[in-house]
Amino acid sequence: MIPYGRQSINNEDIAAVVASLKSDWLTTGPLVTEFEIALEKVVGAPCVTVSSGTAALHCAYAAIGLGPGDEVITPPITFIATQATAALFGATIVFADVQTDTANIDPIAVEAAITPRTKAIVAVDYAGHPADLDELREIADRHSIYLIEDAAHSIGSTYKGRPVGSIADITTFSFFPTKNMTTSEGGAVASIHPALLEKAKRFSRQGLVRNQSEFKIRSEGAWHQEVHEFGLNYRLPDVLCALGISQLKRLQTFKAQRREAFESYCEILHGIQNLELPTKRDYVDPMWHLFPIRVPAKRRREVFDKLRKQEFLVQVNYIPANLHPVFASQGYRASDTPEALSFYEQEISLPMMANSEILSTEYFVKIQNSLFQILGPGSKS
Ligand SMILES: Cc1ncc(COP(=O)(O)O)c(C=O)c1O
């Protein structure tokens, strides 16, 4: 079976991990800093590594001091971690609908959702395609609120020539195996504001204060450390940073391979009846994490099942967050964000990875034939 996403691991990655296992450091050691410096060069802002994309979001919300009474505006087309980590701080989740073409949060819907309690706008770069960051930035600045970018899908993407990571107040990344690069589990927080990054870092490292100038009680010796605000252990160990450093060296190769796959799909699937290809706006250069096609809602289940019966382990990304029982039981309705609901009802993610499994003419001919047979001429919706 060919999954919708898979890691790309080579001998250099393996050697890097083995070397780190032979070093003195298993958890926080020199490779953490090395990985963070290498990440900064790619994303255009200083970074802190953490143990997952979920942890990165949790740290981002901690950094802005999110709490009960605050509202956070989010899109429904995302993995639930975008909302769960904010809800766990007692914040109220507000859903803004998505754009029809990109499935990214719609700035017009965001503007309409702002209230005096709004603390942050959270954009998700669905499938790797950056959201409309300039418009969102302008709204955030006008209302003196934060712009957070959940870039779990989009490390390596650029928006109007600027790297994802250098635009929002805080950007979060995931290094889960299906993502653009991996550390197995892992993530990072980037921020253009040093003070926010420091808060995120402290939250990810148990809230420990080790800088003498900040101590509130008298230090009795070199062991002294203090906690001013609670934190958690979200550290990414050296062993996984070793993999991250090695993967990051091939990020541009991965991007080119994913672009090649995207272009091959567009070429071979163009013109198939009842099949809509993903859009790319001309001011972005995405690193494609997913290849989301759309088929008529009433045929989505059939197409999905038929592809899965063959060798294509396709996926649906995502069940809208406001459709989950955890939100439905609080009175949220997915029908309040009709574009997101309609996108969900039509979407299927075809395999997308920087991997020889899909980077061959044979693969594209096979999937073209399958989709042509299922949806081709005569297949009326
Ligand atoms: C948009 C989005 N946000 C957050 C996450 C959470 O990342 P992780 O799985 O690394 O915790 C994911 C991963 O599935 C995601 O797709």
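Each remark here, short or long, concerns the structure printed above.
Just so it is clear, the model here is predicted, and its values are computed rather than measured.

A. Here's a closer look at the overall build of the protein. Along the protein, the regular secondary structure elements total 13 helices and 16 strands. Overall, the protein is about 80 × 55 × 35 Å in size when its C-alpha atoms are taken along their principal axes. Across the 381 residues of the protein, 55% fall into the buried class. Surface accessibility of the protein: about 16,400 Å² in total, with carbon and sulfur atoms responsible for 55%. Counting 36 positive and 43 negative side-chain charges, the protein places the averaged centre of each group 3 Å from the other.

B. Main features of the pairing of strand E5 (residues 118–124). Most of E5 sits out of view: six of its seven residues are buried. Note: strand E3 (residues 71–74) against E5, three bridges, orientation parallel. Paired with Glu 71 across the two strands is Thr 118, which belongs to E5. Running through helix H6 (residues 133–142), the crossover from E5 to the neighbouring parallel element strand E6 (residues 146–150) is right-handed.

C. View of helix H10 (residues 297–309). In a regular helix each residue adds 1.5 Å, so 13 residues correspond to 18 Å; H10 covers 19 Å between its end C-alpha atoms and thus fits that length. Against the buried residues of H10 lie strand E15 (312–313), helix H12 (338–346), strand E16 (347–350) and helix H13 (361–375).

D. Geometry of the environment of Ser 154. With respect to the element layout, Ser 154 can be found in the loop between E6 and strand E7 (158–159). A relative accessible area of 0% means that Ser 154 is categorised as buried. Ignoring any residue separated from it by four or fewer positions in sequence, one finds Ser 154 in contact with Asp 125, Gly 128, Val 164 and Asn 180. One polar contact links Ser 154 to Asp 125, side chain to side chain, over a distance of 2.7 Å.

E. Summary view of the packing of helix H3 (residues 53–63) against helix H7 (residues 194–204). Put simply, H3 and H7 touch, their axes get as near as 8 Å, and they point 125 degrees apart. Between H3 and H7, the angle is such that the two are oblique. Pair H3 / H7 crosses with right-handed handedness. Seen from H3, the contacting residues are His 58, Cys 59, Ala 62 and Ala 63; seen from H7, they are Leu 196, Lys 199, Ala 200, Phe 203 and Ser 204.

Here is what the cut-offs are and how they apply
Residues numbered from 1 in each chain as written. Predicted model: local features only at pLDDT ≥ 70, side-chain atom pairs only at ≥ 80, totals over all residues. Heavy atoms only, no water. Helix = DSSP H or I, 4+ residues; strand = E, 2+ residues; numbered from the N terminus. Buried < 20%, exposed > 50% of the residue type's maximum accessible area, 1.4 Å probe, protein only. Areas by Shrake-Rupley, 256 points an atom, 1.4 Å probe, with all protein chains shown as cover. Lys, Arg positive; Asp, Glu negative; His and termini not counted. Charge placed at Lys NZ, Arg CZ, Asp CG, Glu CD. Pairing = 2+ DSSP bridges. Right-handed = clockwise from strand over helix to strand, strands pointing away. Expected span 1.5 Å × (residues − 1). Contact = heavy atoms within 4.5 Å. Polar contact = N/O pair within 3.5 Å; in protein donor to acceptor, adjacent residues only side chain to side chain. Axes fitted to C-alpha atoms, helices over the stretch in contact; angles between N-to-C directions. Parallel < 35°, antiparallel > 145°, perpendicular 65-115°, else oblique. Left-handed = near helix turned anticlockwise from the far one by under 90°.

Bear in mind that shape data such as this cannot, by itself, settle questions of function.
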